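# What the coordinates show
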Amino acid sequence: MNHRVSDLLSTRRELLRVGGHGLLGAFASQALAPVQARAAGKSNPRGTARFCVVIELAGALSHIDSFDFKENAGTQKDFDVRQVRNDLYLPYRLFPEMSKEMDKVAIVRSMKSHEVVHFRGQYYNQAGRPLNPAQATEIPSVGSVISYEMEALRREKDTFPTYVGCNLDTAGCGALSTGFLPPRFSVLDVDMKQGAAAGPSGDEAMGLLEERYRLLKKLDDVMAASRGGRDRQFGAFRDFQNSAYRILGDPRWPRAFQFSKEEVARYGDNSAGLGCLFARNAVKSDAGTRYIHITHPDWDHHRNIYNHAVKSNHYIRCNEFDRAMAALLRDLSAEKSPRDASKTLLDETLVVMITEFGRVPGALNGIAGRHHYNLAYVSLFAGGGVKGGRILGKTDAAGEHVIENGWKYAKHQIKTENVYASIYSALGIDWKKELTNTPSKRAYRYVDALGATEMLMDDEIADLFV
Amino acid sequence: MRFLAILIPLSMTAQTPAHQSAEEFEQAHKPLVQPAKPKSREAASVTAGVAAKLPARGAAERVAHRNFIDKHIFGRMAANRIPHAPLSADEEFARRAWIDATGRIPPPAELAAFVAEKSPDKRAKLIETLLASDAFIDKWTYYFEDLFRAGGRMGPGLNLFHFWTREWLKLDRPYNEVVTDMLTGAGKSSFTVPAALYYQRDFVKAKDDPEAPDAHDLVNQPDTVDEFTVTYSKVFLGLNLACISCHDGAGHLEKVNTFLVTKKREDFFRQAAFFGKTRQIMNWENGYQANTEYTVDDEAPGYERGAESIVRVPRRGKGVAPPAFLLTGEQPKAGEHARDALARTMTSHVQFRRALVNRIWAELMGFGIVEPVDDFDLNRYDAKTTPAGWTVQPSNPVLLDAMAEDFRVNNHSFRHVIRTILNSSAYQLSSHFAGEWKEDYTPYYARKFVRMLSAAELHDSIALATGQPGKFSSGAEKVPMVQQMSEPKKVDGETQRFMRTFGQSNRDDMPKKIAASSLQAMLLMQSKVVTDRVQSSKGGLLPALLAKNSDNRTLVEQIYVHTVSRKPTAPELAVGLEALGGDRARGAENLQWALLNSPEFLFNY
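Please read all numbers here as calculations on a predicted model, not as lab measurements.

## Let's talk about the overall build of chain A
- Helices and strands together make up the secondary structure of chain A, namely 10 helices and 17 strands.
- Intrachain contacts of chain A at a sequence separation of at least 6 include 75% that bridge at least 24 residues.
- Working note: accessible area of chain A is about 15,200 Å², and carbon and sulfur atoms make up 49% of it.

## Focus on the pairing of strand E9 (residues 349-355) of chain A
Residue and element names in this part refer to chain A.
- For E9, the buried fraction is high: seven of the seven residues fall into the buried class.
- Residues of E9 alternate between two faces, with Thr349, Val351, Met353 and Thr355 on one and Leu350, Val352 and Ile354 on the opposite face, all of them buried.
- Sheet topology note: the strand E2 (residues 51-57)/E9 ladder contains seven bridges and is parallel. Following the sheet pairing, valine 53 is matched in E9 by valine 351.

## Structural notes on the nonpolar core
- A:Phe67 and A:Phe321 are the most contacted members of the largest nonpolar core, which has 123 residues in total.
- Other than its neighbours up to four places away in sequence, A:Phe321 contacts A:Ile55, A:Leu57, A:Phe67, A:Phe95, A:Ala272, A:His296, A:Trp299, A:Met353 and A:Leu380.
- B:Ala150, B:Phe236, B:Phe274 and B:Leu364 belong to the second-largest nonpolar core, a separate cluster that totals 108 residues.

## Some remarks on the pattern of salt bridges
Residues and elements named next belong to chain B.
- This model, assessed by the stated rule, comprises 72 salt bridges over all chains.
- The salt bridge involving aspartate 202 is made with arginine 201; its shortest N-O contact spans 2.9 Å.
- Since its relative accessible area comes to 1%, arginine 201 is described here as buried.
- The closest approach of N and O atoms between aspartate 223 and arginine 315, which form a salt bridge, is 2.9 Å. Separated by 92 residues along the polypeptide, aspartate 223 in helix H12 (residues 221-237) and arginine 315 in the loop between strand E2 (288-297) and helix H14 (338-347) bring together distant segments of the chain. As far as the burial class goes, aspartate 223 and arginine 315 line up, both buried.

## Concerning the sheet that holds strand E5 (residues 105-111) of chain A
Residues and elements named next belong to chain A.
- Taken together, the eight strands give an open sheet; going across it, the order is E7-E6-E8-E2-E9-E12-E5-E13, and neighbouring strands pair in mixed fashion. This sheet does not close on itself; its edge strands, each paired only once, are strand E7 (188-190) and strand E13 (390-392). Geometrically, the sheet is characterised by an average inter-axis angle of 15 degrees between neighbouring strands, direction not taken into account.
- In this sheet, strand E8 (residues 291-296) lies alongside strand E6 (residues 163-166) in parallel orientation, the contact comprising four bridges. Its bridge partner being in E8, glycine 165 is matched across the sheet by histidine 293.

## Considerations on the environment of A:Asp269
All names here are of chain A.
- As for its position among the elements, aspartate 269 is in the loop between helix H7 (261-267) and helix H8 (271-285).
- Overall, aspartate 269 belongs to the partly exposed group, its relative accessible area being 48%.
- Setting aside residues no more than four positions away along its own chain, aspartate 269 makes contact with Lys193, Val264 and Leu274.

## Here we look at the packing of helix H24 (residues 552-564) of chain B against helix H26 (residues 584-596) of chain B
Residues and elements named next belong to chain B.
- It is at 10 Å that the axes of H24 and H26 come closest, and there the two elements cross at 30 degrees. The orientation of H24 relative to H26 falls into the category roughly parallel. Relative to H26, the crossing made by H24 is right-handed. Side by side, H24 and H26 meet where Asn552, Leu555, Val556, Ile559, Tyr560, Thr563 and Val564 of the first sit next to Arg584, Ala588, Leu591, Gln592, Leu595 and Leu596 of the second.
- Classifying every residue of the contact of H24 with H26 gives nine nonpolar, three polar and one charged.

## Description of the domain arrangement of chain B
- What the domain assignment lists for chain B is domain 1 (176-233 + 242-328), domain 2 (350-412) and domain 3 (534-604).
- Spacing between the C-alpha centres of domain 2 of chain B and domain 3 of chain B amounts to 44 Å.

## Considerations on the pairing of strand E3 (residues 81-85) of chain A
Residues and elements named next belong to chain A.
- Pairing of E3 with strand E4 (residues 88-91) involves four bridges; the strand directions are antiparallel. Note that in E4 the partner of arginine 82 across the bridge is leucine 90.
- Between E3 and E4, which follow one another and run antiparallel, lie two residues.

## What about the environment of A:Gly406?
Residues and elements named next belong to chain A.
- By the element assignment, glycine 406 lies in the loop between strand E15 (402-404) and helix H10 (416-426).
- Linking glycine 406 and lysine 394, residues 12 residues apart in sequence, is a C-alpha distance of 7.1 Å.
- What glycine 406 contacts, discounting residues up to four positions off in sequence, is Leu392, Gly393 and Asp463.

## Description of the packing of aromatic side chains
- Evaluated as defined, the whole model comprises 49 aromatic pairs over all chains.
- Each ring, one from A:Tyr444 and one from A:Tyr446, has its centre 6.2 Å from the other, and the planes form 55 degrees; the classification is tilted.
- Residue A:Tyr444 is classed as buried on the basis of its relative accessible area, which comes to 3%.
- Here B:Lys122 stacks its cationic end above the ring of B:Phe114, 4.8 Å away from the centre of that ring.
- Cation over ring: B:Lys139 sits above B:Trp140, and NZ or CZ is 5.0 Å from the ring centre.

## Focus on the packing of helix H3 (residues 142-149) of chain A against H10(A)
All names here are of chain A.
- Two elements in contact, H3 and H10, have axes whose closest approach is 12 Å; the angle formed by their N-to-C orientations is 20 degrees. Classed by the angle they form, the pair H3 and H10 counts as roughly parallel. For the pair H3 and H10, the sense of crossing is right-handed. The segment H3 lies against H10, with Val142, Val145 and Ile146 engaging Tyr420, Ile423 and Tyr424.
- Per-class residue counts for the contact of H3 with H10 are six nonpolar, no polar and no charged.

## Overview of helix H17 (residues 414-423) of chain B
Residues and elements named next belong to chain B.
- Within H17, nine of the 10 residues are buried, which leaves the element mostly enclosed by the surrounding structure.
- Along H17, the positions that sit buried rather than exposed are Phe414, Arg415, His416, Val417, Ile418, Thr420, Ile421, Leu422 and Asn423.
- For H17, the N-terminal capping position is held by serine 413, with its side-chain oxygen 3.4 Å away from the main-chain nitrogen of arginine 415.

Quick notes on the rules
- Residues numbered from 1 in each chain as written.
- Chains lettered and ligands numbered in written order.
- Predicted model: local features only at pLDDT ≥ 70, side-chain atom pairs only at ≥ 80, totals over all residues.
- Heavy atoms only, no water.
- Helix = DSSP H or I, 4+ residues; strand = E, 2+ residues; numbered from the N terminus.
- Contact = heavy atoms within 4.5 Å.
- Areas by Shrake-Rupley, 256 points an atom, 1.4 Å probe, with all protein chains shown as cover.
- Buried < 20%, exposed > 50% of the residue type's maximum accessible area, 1.4 Å probe, protein only.
- Pairing = 2+ DSSP bridges.
- Core = buried A, V, L, I, M, F, W, Y, C linked by side-chain atoms within 4.5 Å.
- Salt bridge = Lys/Arg side-chain N within 4 Å of Asp/Glu carboxyl O.
- Axes fitted to C-alpha atoms, helices over the stretch in contact; angles between N-to-C directions.
- Parallel < 35°, antiparallel > 145°, perpendicular 65-115°, else oblique.
- Left-handed = near helix turned anticlockwise from the far one by under 90°.
- Nonpolar A, V, L, I, M, F, W, Y, C, P; charged D, E, K, R; others polar.
- Domains from an automatic or database assignment.
- Phe/Tyr/Trp six-rings, centres within 6.5 Å; stacked < 30°, edge-to-face > 60°.
- Lys NZ or Arg CZ within 6 Å of the ring centre and 35° of its normal.
- Polar contact = N/O pair within 3.5 Å; in protein donor to acceptor, adjacent residues only side chain to side chain.

Put into structure tokens, the structure is as follows:
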């Protein structure tokens, strides 16, 4: 990615790289101490979703030529803008598939961020709170918190990790760690192009793995002969081996990554498409994964945003995302839930599109692109109890300022914290909870009303659901 | 004009916003309590587990004090009646020393020779041999390239920097001179002046100039200087100036750092001002931008206190800040170049020496005498200046100062630091502790703490254990070990993923250690990095052993010796023999696979 406005903050980013690729519980010794929780207020989570899929468009989606379309000096003639609904215009050239699925989707047009830097914006989108360098090492990703919350719900047959990332490490901040939470709530971040840490495919390979694993366990026993009761910590790595084996040994795991040619053609052979394809499979197999964060990078079109000749432009990225999300919505809505025949899988899966901020409306800049713009931008919600076919919030004619916030709090724009409060709520998690035994002793609030630059409403976007 | 509209919301003031109540302000600034020491605890807890698997040693013998490190370490333990582990056995010590000094498991023949040798000073001799080896240079070049983030941003200059680093390590150049070079490097092309690359790679790109749409080479110099100052302060001084690079310490750091709380953003400006006149300008050639090739010179007007920032809270202030060293207030002498003054004041300060020896101590002993290694609180260095309610920060300040002084007296020799630590009995203690281990013993280093092999060490050790080295490109050469590469990212996808999962630094960010995870366990079981190498059809160790030995017992022993650097115990032998029954080749592959997946391979203990 060509970083125009610099976000190469090596000094801040390094704090987050403690997480590396989602593998570090920075405070591994916390694994011994039970996480202490305290309900600070009372939220009423609605619990309408069993699964949640977040599609992050990393690099910043231009709002005024996508889901908050505005005609302006930069509008391209080949956008083929169509009226999808009374209240909704979309560039059909960019979103041919999603144009047909907007009845399932609620658009939020009143997003606001304080960030203008990718790395910080992407951190915000994974941690659900602004980056604070003094605290960053102990802050978990939202997915890790969800993994912690859902631990009690895992069944014996659940082998997949609760929290899976698809190309999370293509985000500028990488895959965030579990912070002060124990390492077992870590994301399993998969490079969709390379496939899973693919398990053995076929009976023979599976048989070999089993043979080897048995030998490993036997050796483990004899090597532990001189243990004398001091092994308790070391068990941690064996625990990882045990859960690794369970994942690898589960035929559902490699199957979740096996895509037919037809499927790949339908979803798209890129990180968005393959990520959504995996998400569909994970939801269908219901093997333990409940929260999936897909990162679709390369949206940062400071230059040549509409230039068909360049390798990465708005058309390409929009088409990729369009196809992927539409296919996911279609496949999930076409399948009945095995838990409740009156519902589809989409009814049980909250699908969210988020991005760091928007792009400057109006005429293009001096290098035929659009720079960052954080005063108004969009997010999308579908499934999991969301009422589709609606638009929350409104911007002015240029798309520069939000004139209607479109939710309960008429004076407040909608923030990433509210997006995550909604996700917690849909998943049945009390978002007003606090965890108190952090290393800094500062309480970790699931949704923190203390925003970066101003107080915010620590509430879900209830209007999405009613 | 829209750019300004974007940047204004970035400002974060420290004052109470108008609509925020006093109570909310209180909440927001709730005091932080002194954080626990996670790293040492982590090392201790991991160690307890791994060490428990090692064969029990007898009651702790009295260990010989080999150098001043032992005097301080064992002296304190004796004074506080802290029990300690016994000395490590030969095999335990040898494997550990090989990995720490050379990043690789020991070759079986050399290990056997060491164990068999009878001379009383054989450990010291082994250490000398290891320090004189090429592998020592490989491993520590890799370490410093991680620390200095010698990555892709150096462009083709990276190969030059790689060889320059190898060279100063080989020559054991005084470390203060090396750092002086890195802080004062300048030249028309960063491709030809290796020392200039350290600063060159840290450029912060300016936002695009609408008047000059093609000029995407603009560098935001003040932001670059700020970033670089924060970075080098961590690397060379162990000080984290990130906070005061945006705001005064007062009102923010009362519960975080009692030294930095007294510092102001102005102090940071003045520290940064040593580089205030230094520029990086991307070179052009034949009408094209030579991407990543920069001129580094000192022709900028100086560090403007009010210069626009892209990545920080807006700078407020007027005029050019004169350089002043944060720790002493010292300014450049008359006629002295600012960067020369920085190098001089910084590398002659005791904190420079403490920072380096503390880092190396952390590498070799599990965690630093001061943790985190880049976050010293200088007011808590000794009991006299430590404020009430706080503890002294270093676990053994007298030892750290003794090592810092020893470093100075020995001409800032990096090799001398390694040698001194490795030769100490403190380093040579076993990680197996008989009796009940208490957390309180941890800061005394009463046992050797274990660590997981780093990503590169792990990969290379797998390659060696299976006799299947890689074939990696490093500049124009082909090298068998990842630790020999100038750009370790340039490996195939599978190897890259493996290494990243085990914490390989991307050399854009500062290096970090990572904890275990199930993805690591999955890759160890299934990645081609492991599974291809244990396949006896692919060559390497196993086919050679299978062809040579008709005796299953020897086969098991050889697999053990090559993989976990010791012979199997009787019960382990029994399990190994059982595994070989039936399909011998398959059994041998399975056995080596299992050993590669065992903590005895994965950890340095």
